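Here's the letter readout for the chains.
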Amino acid sequence: MLTKLFAALVVLWSLIGSAIAGPDEDAVRDLLHSTFDKPDVKLVVAPVVATAGYAIADWTQGEMGGRALLRNRHGRWTIILCAGDRIRSAEALRHVGIAPDVADELAEALAKAERTVPADRLAMFARFEGLLRMDEAGNHPPVHDRPH
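Calculation rules
- Residues numbered from 1 in each chain as written.
- Predicted model: local features only at pLDDT ≥ 70, side-chain atom pairs only at ≥ 80, totals over all residues.
- Heavy atoms only, no water.
- Core = buried A, V, L, I, M, F, W, Y, C linked by side-chain atoms within 4.5 Å.
- Buried < 20%, exposed > 50% of the residue type's maximum accessible area, 1.4 Å probe, protein only.
- Helix = DSSP H or I, 4+ residues; strand = E, 2+ residues; numbered from the N terminus.
- Contact = heavy atoms within 4.5 Å.
- pLDDT = per-residue confidence, 0-100.
- Salt bridge = Lys/Arg side-chain N within 4 Å of Asp/Glu carboxyl O.

Ranked by internal contacts, the top residues of the largest apolar core, which has 18 residues, are I56, L69, L81, I87, L93, I98 and L106. Only β2 (54-61), β4 (76-83), α3 (90-95) and α4 (100-114) provide two or more residues apiece to this core. In contact with I56, other than residues within four places in its own chain, are P47, V48, V49, R67, A68, L69, I87, L93, L106 and L110. Membership of the second largest hydrophobic core comes to 16 residues, among which are V48, L70, W77 and I79.

Before going further, it helps to examine the confidence of the model for the chain. In low-pLDDT segments, the atomic positions of the prediction should not be examined closely. Mean pLDDT over the chain stands at 83; residues scoring 70 or higher make up 76%. Element-level mean pLDDT values for the chain span from 42 in helix α1 (residues 2-20) up to 98 in α4. Segment residues 2-20 is flagged for pLDDT under 50; beyond a separation of four residues in sequence, or across chains, it makes 15 contacts in the model. Taken as a whole, residues 142-148 scores under 50 in pLDDT and shows three contacts with residues more than four places along the chain or in a different chain.

Once that is clear, we can look at the pattern of salt bridges. Per the stated rule, a full pass over the model turns up eight salt bridges. Among the ionic pairs, D85 bridges to R67, the shortest N-O distance being 2.8 Å. Of this pair, D85 sits in the loop between β4 and α3 while R67 sits in strand β3 (residues 64-73), and the two are 18 residues apart along the sequence. Overall, D85 belongs to the partly exposed group, its relative accessible area being 37%. Assessed through its relative accessible area of 0%, R67 is described here as buried.

Here it is, written out as structure tokens:
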């Protein structure tokens, strides 16, 4: 019963977040849903923060969770990488090539948005281990090509 209530609250929270989001946040959600939704396990994407052509989307799917870093090029959002807690800080965002001022703003917006996330859901975002870079088509490299 508690699990169903939690799931219902997460979906409701996601819908409320979507209702007040801007066009960038909606486009990011749409991309992640079209890429990762499964018939039996839907993706829940919230919160999403976007600034200066970059976005971070927190997501859960079943018992897994993480964060996606995206970039907008010529009006088209693409996934740059997926990670857990490793992309929460401005320092980490600068390390992956985002300009310092944009990295600072994005990290601050994410921290503010995540203050409203229930602790158990926030903990799920950390479950994604490592840092998985994506190519322009949204695919990750073969396992043997990933850095260790």
